[in-house]
Amino acid sequence: MSHWGMFSAESVAGEVTAVHPYEGDSNPSPMLGNLAGSVRSRSRVTGPAVRRGWLENGPGPSDRRGADEFVSVTWDELTELLARELRRVVDTHGNNAIFGGSYGWASAGRFHHAQSQVHRFLNQLGGYTKSVHSYSLGATGVIMPRVVGTHWKLFARSTSWDVIAKHSDLLVSFGGVPIKNTGVNAGGTSGHPTLGALDAFRARGGKIVSFSPLRDDVEGDCEWIAPVPGTDVAIMLAVAFVLASEGLHDREFLNRFCVGYERFEDYLLGRADGVPKDPRWAQEISGVPAEFVTDLARRMASGRTLVTVTWSLQRIKHGEQAPWMGVTLAAMLGQFGLPGGGFGHGYGSMNEPGLAPVPYPLPTFSQGVNPVSDFIPVAAISDLLLSPGEEFDYDGRRLTYPDIRLVYWAGGNPFHHHQDLPRLRRAFARPDTIVVHDPYWTPMARSADIVVPSTTSLERNDLSCTRNDPLLVAMQQVVPPFANSRDDYDTFADLASALGFGEQFTEGRSSQEWIEHLYDQWRPFVDADGGNTPTFEDFWSDGHYRMRTEDNLVLFGDFREDPEKYPLSTPSGKIEIFSETIESFGYADCAGHPRWYEPDEWLGGPRASQYPLHLIANQPKTRLHSQLDHGDVSQASKIKGREPIRMHPDAAAARGVSAGDVVRVFNDRGACLAGVIVDSDLRSDVVQLSTGAWYDPLDPADPDSLCVHGNPNVLTPDIGTSSLSHGCTGQHVLVQIEKFEGVLPPVKAFDPPVLGSR
Ligand SMILES: Nc1nc2c(c(=O)[nH]1)N[C@H]1C(S)=C(S)[C@@H](COP(=O)(O)OP(=O)(O)OC[C@H]3O[C@@H](n4cnc5c(=O)[nH]c(N)nc54)[C@H](O)[C@@H]3O)O[C@H]1N2
Ligand SMILES: Nc1nc2c(c(=O)[nH]1)N[C@H]1C(S)=C(S)[C@@H](COP(=O)(O)OP(=O)(O)OC[C@H]3O[C@@H](n4cnc5c(=O)[nH]c(N)nc54)[C@H](O)[C@@H]3O)O[C@H]1N2
Ligand SMILES: [Mo]
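A short tour of the structure in this document, coming up. Just so it is clear, the model here is predicted, and its values are computed rather than measured.

1. Here we look at the sheet that holds strand β9 (residues 223-225)
Thought 1: Here 5 strands make up an open sheet; going across it, the order is β9-β8-β7-β11-β12 and the pairing parallel. A strand with exactly one partner marks an edge of an open sheet, and here the two such strands are β9 and β12 (342-345). Neighbouring strand axes in the sheet, compared pairwise and without regard to direction, differ in orientation by 15° on average.

Written out as structure tokens, the structure reads:
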């Protein structure tokens, strides 16, 4: 099992040679093609390694991170020096001097999940400064609980694809329903129903309106509208304006199930600020013709309409507003909780939305309790390291950044996920020690002091399942551990033992015993629900167990049926179109109701005169984030070894650029090279460069160096969505592009660093 689907594998001499998708999967992800050849890739970490400068000079700030050579050490030496360093930091600076947020996707599997392992270990060490929420849903995770009382239920208990295919007339999607993204599901998946469901929906006469800078965010038939990126909230407001001014809004629903519509309406109609948010107003901002919006509002009110907002819409400045306004629009239509109507968040962002949930908890490896209370919103990593002792706003609270001395990362790649990499590199020069566990020499591993080689999920047994998939799967080892790599669990068990809590960490179990234990602890939940689980031995030889799922769900169907019995977990128990709580925070960048704020990085703002192209840094089609960028499918997409950038023919011609050329993409934060695809399926002032190319600085010692490979995060702004949630804003950035003339520098991202001996 991988995050991008279930498979069986063939292997020869310790290498995966072929991968076959699970036969029950109607639309397997092409990303499975990255797995063959991945185990013995030249980018694997062959054994424990320590940065020479750290080994020779001891812990301390260093701007050599990322440029220094490494020294091989034995596992015993590694355990000894890492245990000593952890003890030193805890004893002299306290546990909150360890940053162990360790954000990242790592691999599928309930036991060997790297974050669970590192968090359990650090909790037992006495705790660590953690991070909250995700790069995926930084704004949603804070705003949606205040508006509808939850964020995770929006996906895990979303209206099912079957219900949509059967009941919806119109799907108005902001951000499309990109099939490429539904390949992926955190923890894995045994099926990919989205494409089939959209086809069934269209075959019944269902229509899709896709607001998106890219045509292919919907596969097949749809009405494609490409507004100025980042202006969706203005468009939604204009739709709402038409509903309100033509009396098409459902007053009864707004009275019974919502609070604060009147306050919002004062803003909407311009009573509050003298600016009616009408379709002409929105046309000025978004470029979408007023007549289209007026007509769309009427269509939306005349049938069963689902308003969907992809997660990308909240990964920008003021990202709170798009999902909030999506909820408000759906509430005005009065179809919340009706089959096929209402609101959806993340259809086409991940496989999960639209899939039926399992009704019981999943087998879980306990992380224990973190005694340290300090935390950061996850995308504040550079702020944390650069500004110890400084105060910041978060969700109505005033918090302080602790002084971090040691950074511990297992299962994530900040050089993939974080914005403004030149700034991140300066931040990573600050701590005394950086520890990274990874199977590969990623740019993050190269920037560490202590590199711990992990196995991949192909090299170990595990259990996998997710909350919206019927199968519990026996993940059976395909090949032996590569070279001198080890399971993260074994590394932590040894470290815990050197630090005096070995027994507490392992509870006396080997990994295989843990897997069996997790399974046995979980069985009673299933059996109490009428399941009939086999013994572990039978489960393991069958390969999977099929769980019950809750089919044909309608998001908030119970609330609609009986709002007194099933209130939302908001202060009012209702949908909060106006939130007294948020209003009381007094934030200039997030008021008490959804509203339009001008972004920083947009074509309508002053930066566009210097950087006239709007770059969409979306999820890559050919891999999960940075994972297996060296794999066959990802490599096949590269142009002269560089990540592909899509440009409109007009934008290319204006710069004398043709398909297959390499260009320099730049702004005032940084620059990278990319290989050109010319394509008219995007706005002429929009370019698209997905995330995930391994950061590859021309001069590794210079934090401002050109990335020769095409990582868009050398360009993106490192600013939070707002004072409310400080979510990631990496999706959008303004750039300029020029043809790269000189001699093309080689891509070295996949070459391991120099490994010396002492
Ligand atoms: N510009 C821009 N940036 C973005 C986004 C965007 O839209 N635009 N999207 C953001 C989003 S939504 C996300 S979720 C993040 C993703 O960011 P990450 O989750 O950090 O990215 P991954 O490449 O999945 O990193 C996972 C790492 O875990 C390693 N790994 C795999 N298995 C194991 C294991 O068993 N043990 C250990 N120790 N390591 C393992 C992999 O080799 C890889 O290096 O990126 C964010 N960044
Ligand atoms: N293949 C693949 N699938 C993935 C992932 C991956 O790495 N690879 N990562 C997974 C993860 S961790 C996450 S969180 C999800 C993320 O899910 P999303 O954030 O929804 O995915 P993106 O591909 O970043 O963006 C979806 C589309 O939104 C459109 N868009 C961007 N900005 C705007 C805008 O301002 N307005 C409108 N209307 N549309 C806009 C873009 O054209 C883009 O293709 O994807 C998951 N799926
Ligand atoms: Mo994500």
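2. With respect to the side chain of Asp432
Thought 1: Inspection of the secondary structure assignment puts Asp432 in the loop between α17 (421-428) and β17 (433-438).
Thought 2: The residues contacting Asp432, other than those within four sequence positions of it, are Trp54, Pro59, Gly60, Pro61, Arg65, Glu85, Arg88, His93, Arg405 and Asp449.

3. Overview of the sheet that holds strand β19 (residues 462-464)
Sheets are built from strands paired through backbone hydrogen bonds, the pairs being either parallel or antiparallel.
Thought 1: Across the sheet, which stays open at both edges, the 3 strands sit in the order β19-β20-β21 with antiparallel pairing between neighbours. The strands lining the two open edges of the sheet, one partner per strand, are β19 and β21 (544-546). With strand direction ignored, the average angle separating the axes of adjacent strands in the sheet is 15°.
Thought 2: The pairing of strand β20 (residues 471-475) with β21 spans 3 bridges and is antiparallel.

4. Describing the packing of helix α11 (residues 261-268) against helix α14 (residues 321-333)
Thought 1: Two elements in contact, α11 and α14, have axes whose closest approach is 13 Å; the angle formed by their N-to-C orientations is 105°. With respect to their mutual orientation, α11 and α14 come out roughly perpendicular. Residues Tyr261, Phe264 and Leu268 of α11 lie in contact with α14, whose contacting residues are Met325, Thr328 and Met332.
Thought 2: For the contact of α11 with α14, the per-class residue count stands at 5 nonpolar, 1 polar and no charged.

5. Describing a negative patch on the surface
Thought 1: A cluster of like negative charges, contributed by Asp520, Glu537, Asp538 and Asp542, occupies part of the molecular surface.
Thought 2: Considering every element that reaches the negative patch, the biggest residue donor is helix α22 (residues 536-542), with 3 residues.
Thought 3: Take Glu537: it is sitting in helix α22.

Conventions adopted
Residues numbered from 1 in each chain as written. Chains lettered and ligands numbered in written order. Predicted model: local features only at pLDDT ≥ 70, side-chain atom pairs only at ≥ 80, totals over all residues. Heavy atoms only, no water. Pairing = 2+ DSSP bridges. Helix = DSSP H or I, 4+ residues; strand = E, 2+ residues; numbered from the N terminus. Axes fitted to C-alpha atoms, helices over the stretch in contact; angles between N-to-C directions. Contact = heavy atoms within 4.5 Å. Parallel < 35°, antiparallel > 145°, perpendicular 65-115°, else oblique. Nonpolar A, V, L, I, M, F, W, Y, C, P; charged D, E, K, R; others polar. Patch = residues over 30% accessible without salt bridge, like charges linked within 9 Å, V, L, I, M, F, W, Y side chains within 5 Å. Areas by Shrake-Rupley, 256 points an atom, 1.4 Å probe, with all protein chains shown as cover. Salt bridge = Lys/Arg side-chain N within 4 Å of Asp/Glu carboxyl O. Lys, Arg positive; Asp, Glu negative; His and termini not counted. Charge placed at Lys NZ, Arg CZ, Asp CG, Glu CD.

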